[in-house]
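If you want the building blocks of each chain, they are given just below.
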Amino acid sequence: MTYAQTLDWMFAQLPMYQQKGKVAFNGKLDNIKALSAHLDHPEKKFKSIHVAGTNGKGSSSHMLASILQEAGYTVGLYTSPHLKDFGERIKINGETISKQFVVDFITENKPFFENRQLSFFEMSVGMAFQYFAQKQVDIAIVEVGLGGRLDSTNIIVPEVSLITNIGMDHADILGDTLPKIAREKAGIIKEKVPVVISEYQQEIADVFKSIALERKARIIFADQEIREAYGVSLLGNYQSKNAKGVVAVIRELMGFEVTEEHIQKGLAHVVENTGLLGRWQVLRENPMVVCDTAHNREGLSVVLDQVAEQGYDILHIVLGFVIEKNLDALLPLFPENARYYFARPKIPRGLDASVLKTQASRFGLQGKVYDSVPEAFKNALQRASNTDFVFVGGSTFTVAEVV
């Protein structure tokens, strides 16, 4: 198989969450454990940091990788989903996994995958762990896909665990209250492995404390411990909270020599070191065009506050969501004094743009429906003057079509 054929085959396996939503979540670790045994337990052959959370886990994972790269280590990085190419999910020192490795891994293990009916995500996790083991990384930063307790990545025993922030997202799978969601995320806390919580949240702090106590894991609330303010090259006011969690993790990490200079340089060169996309990413200037993958209430409120702080004449918003989002919770966050360009992201879970327009009008958001995200984006650019501001967001998949 070619690289493209290999990816097509992977995407066609048991429903992937990215495409299908809840039906793709099998809620068991049996398959990933079987795959790990089949591959001779690659996850035991490298050190790791495990990162979970509703918002900030992707940015935090990239910050950690950047800092450790600045300290001279060979660093694996596993994140999801990807924006443009599957290879973005699996990197070493910012370089994406080789296409040949992807093809060979699937070809060699295809009978096992078919026999066990592994999902796309389970195969991807196994591939990442095998790649990191074979390339002998010094440490890997492993981002949870969804939740924590039953996520396929949760077979690692890391040096430190990080939980960034808890918000209402994927409530159909993880639970309909913050404490329920926190309990799922806290599933990554391991016996006697320190855990850093980036942000102290009154409503759920006790959930983390009780599970940490039960597992004899030292717990650190970063925003209470880290007093210094750190500059971060990633734009977005929210990144300062993420940075405190990241610094706390580095300070808990034993056996690695990381100086204050490495931390500052790593935080200053996240994109250059890791190739991160889609976090308050400036696509062009005159007019200023920014995209951000924030897609839940907590993430969007911070990003839209930042949009409001920008100087512009007219605000143009290219907007697309996936079907399971609670629009009654999200749409009130958006400003009425903007021109909207509604479009459906090009995935099966994409929300019909006409439905979005109807719902948005209930909250005073006016605009037009377009056949695709690129079409909506093109129209926004044509209508915007140099002194206007264009924002693209609502979903990772909306952003993926413009970066």
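Remember, predicted model here, so these are calculated numbers, not experimental data. (Residues numbered from 1 in each chain as written. Predicted model: local features only at pLDDT ≥ 70, side-chain atom pairs only at ≥ 80, totals over all residues. Heavy atoms only, no water.)

K.L.:
When you look at helix α14 (residues 297-309) in this model, what are you seeing that I'm missing?
P.N.:
Residues that lie three or four places apart on an α-helix share one face, since the helix turns once every 3.6 residues. Over its 13 residues, α14 extends 18 Å from the first C-alpha to the last, a length consistent with the 18 Å expected when each residue adds 1.5 Å. Along α14, the positions that sit buried rather than exposed are Gly299, Leu300, Val303, Leu304, Gln306 and Val307. Down the axis of α14, the smallest arc covering the buried residues is 155°, so these residues share one side. For α14, exposure combined with an orientation more than 90 degrees from the buried face picks out Asp305, Ala308 and Glu309. Where α14 is buried, its residues contact β11 (315-319), α15 (327-330) and β14 (389-393). Its side-chain oxygen placed 2.9 Å from the backbone nitrogen of Gly299, Asn296 serves as the N-cap of α14. (Helix = DSSP H or I, 4+ residues; strand = E, 2+ residues; numbered from the N terminus. Expected span 1.5 Å × (residues − 1). Buried < 20%, exposed > 50% of the residue type's maximum accessible area, 1.4 Å probe, protein only. Arc of directions from axis to C-beta. Contact = heavy atoms within 4.5 Å. Polar contact = N/O pair within 3.5 Å; in protein donor to acceptor, adjacent residues only side chain to side chain.)

K.L.:
Can you walk me through the packing of aromatic side chains in this structure?
P.N.:
Geometry of an aromatic ring pair is reported as the spacing of the ring centres plus the angle between the planes. Inspection of the entire model under this criterion finds 18 aromatic pairs. Their ring planes at 10° and their centres at 6.3 Å tell us that Phe101 and Phe105 sit as a pair that is stacked. With a gap of four residues between them, Phe101 and Phe105 both fall in helix α5 (residues 99-116), about one helical turn apart. A single burial state applies to Phe101 and to Phe105, both of which are buried. Between Trp280 and Phe389, the ring centres sit 6.4 Å apart and the planes meet at 35°, which makes this aromatic pair tilted. Taken together, the positions of Trp280 in the loop between α13 (270-274) and β9 (281-284) and Phe389 in strand β14 put the pair 109 residues apart, joining distant regions of the chain. Under the relative-accessibility criterion, Trp280 is labelled buried at 5%. Three or more aromatic residues joined by ring pairs form one cluster here, namely Trp9, Phe46, Phe101, Phe105, Phe113, Phe129, Tyr131 and Phe132. (Phe/Tyr/Trp six-rings, centres within 6.5 Å; stacked < 30°, edge-to-face > 60°.)

K.L.:
How should I be thinking about unusual backbone geometry in this particular structure?
P.N.:
Among all residues except glycine, the phi angle is most often negative; among peptide bonds, the trans geometry is most common. Pro81 follows Ser80 through a cis peptide bond whose omega is -10°. Along the chain, Pro81 turns up in the loop between β2 (75-78) and β3 (90-92). Omega for the bond connecting Asn286 with Pro287 falls within 30 degrees of zero, at -5°, which places this linkage in the cis form. Assignment of secondary structure puts Pro287 in the loop between β9 and β10 (288-291). Phi angles above zero are rare outside glycine, and Asp40 is one such case at about 70°. Summarising the element assignment, Asp40 is placed in the loop between α3 (30-38) and β1 (47-52).

K.L.:
Any chance you could explain the pairing of β14 here in plain terms?
P.N.:
When you tally the buried positions in β14, you get five out of five residues, the bulk of the element. Here β14 shows two buried faces, one formed by Phe389, Phe391 and Gly393 and the other by Val390 and Val392. In this structure, β11 lies alongside β14, joined through five bridges in parallel fashion. Residue Val318 lies in a different strand from β14, and its bridge partner there is Val392. (Pairing = 2+ DSSP bridges.)

K.L.:
I would appreciate a short explanation of the nonpolar core in the present structure.
P.N.:
With 38 residues, the main nonpolar core has Met10, Phe86, Ile90, Phe113, Met127 and Phe132 as its most contacted residues. Of all the elements in the fold, those that place two or more residues in this core are α1 (3-11), α3, β3, α5, α6 (120-134) and β5 (139-143). Top contributing element to this core by residue count: α6, with ten residues. In this structure Phe113 touches Trp9, Leu35, Phe105, Ile106, Leu118 and Met123, once residues within four positions along its chain are discounted. (Core = buried A, V, L, I, M, F, W, Y, C linked by side-chain atoms within 4.5 Å.)

K.L.:
What is the right way to look at the pairing of β10 in this model?
P.N.:
Residues in a regular strand project their side chains so that they alternate between the two faces of the sheet. Bridge analysis of β9 against β10 gives three bridges, and the strand direction is antiparallel. The residue of β10 that forms the bridge with Val282 is Val290. The sheet contact formed by β10 and β14 spans four bridges and is parallel. The residue bridging Val290 from the neighbouring strand is Phe391, located in β14.

K.L.:
What is the right way to read the confidence of the model for the protein from this model?
P.N.:
When pLDDT is low, close inspection of the predicted coordinates is not appropriate. Residues at a pLDDT of 70 or more form 95% of the protein, whose mean pLDDT is 93. Low confidence marks residues 17-26, where pLDDT is under 50. Its contacts with residues over four positions away, or in another chain, come to 30 contacts. (pLDDT = per-residue confidence, 0-100.)

K.L.:
Help me understand helix α8 (residues 178-185), please; the structure alone is not making it clear to me.
P.N.:
By the burial criterion, the buried members of α8 are Leu178, Ile181, Ala182, Glu184 and Lys185. For α8, the angular spread of buried residues about the axis comes to 160°, placing them on one side.

K.L.:
What should I look at first to understand the pattern of salt bridges in this one?
P.N.:
Pairs can form between side chains of opposite charge whenever their charged atoms are close. The full count for this structure, using the stated rule, is eight salt bridges. For Lys241, the salt bridge identified is with Glu199, shortest N-O distance 3.6 Å. Separated by 42 residues along the polypeptide, Lys241 in helix α11 (residues 239-252) and Glu199 in the loop between β7 (195-197) and α9 (205-214) bring together distant segments of the chain. Its relative accessible area of 18% is what places Glu199 among the buried residues. A salt bridge links Asp328 to Arg362, with the nearest nitrogen and oxygen atoms 3.3 Å apart. A residue pair is termed long-range when its members are at least 10 positions apart, and Asp328 in helix α15 and Arg362 in the loop between α16 (353-361) and β13 (367-369) qualify at 34 residues. We classify Asp328 as partly exposed; its relative accessible area is 44%. (Salt bridge = Lys/Arg side-chain N within 4 Å of Asp/Glu carboxyl O.)

K.L.:
Could you clarify how one ought to interpret the sheet that holds β10 in this entry?
P.N.:
Strands belonging to one sheet form pairs held by backbone hydrogen bonds; the direction of such a pair is parallel or antiparallel. Strand order in the open sheet formed by six strands is β9-β10-β14-β11-β12-β13, with mixed pairing between adjacent strands. Edge positions in the sheet fall to β9 and β13, since each has one partner strand and no second. The average angle at which neighbouring strand axes cross in this sheet is 20°, direction not considered. (Axes fitted to C-alpha atoms, helices over the stretch in contact; angles between N-to-C directions.)

K.L.:
Teacher, can you tell me more about the packing of helix α4 (residues 57-70) against helix α12 (residues 260-268) here?
P.N.:
The description of two packed helices rests on the angle between their axes and on the distance between the axes. Close contact between α4 and α12 brings their axes to 8 Å; oriented N to C, the two are set at 130°. Judged by the inter-axis angle, α4 sits oblique to α12. Of the two elements, α4 crosses α12, and the hand of that crossing is right-handed. Across the interface between the two elements, Met63, Ser66, Ile67 and Glu70 of α4 pack against His262, Ile263, Lys265, Gly266 and Leu267 of α12. Across the contact of α4 with α12, the residue classes tally to four nonpolar, three polar and two charged. (Parallel < 35°, antiparallel > 145°, perpendicular 65-115°, else oblique. Left-handed = near helix turned anticlockwise from the far one by under 90°. Nonpolar A, V, L, I, M, F, W, Y, C, P; charged D, E, K, R; others polar.)

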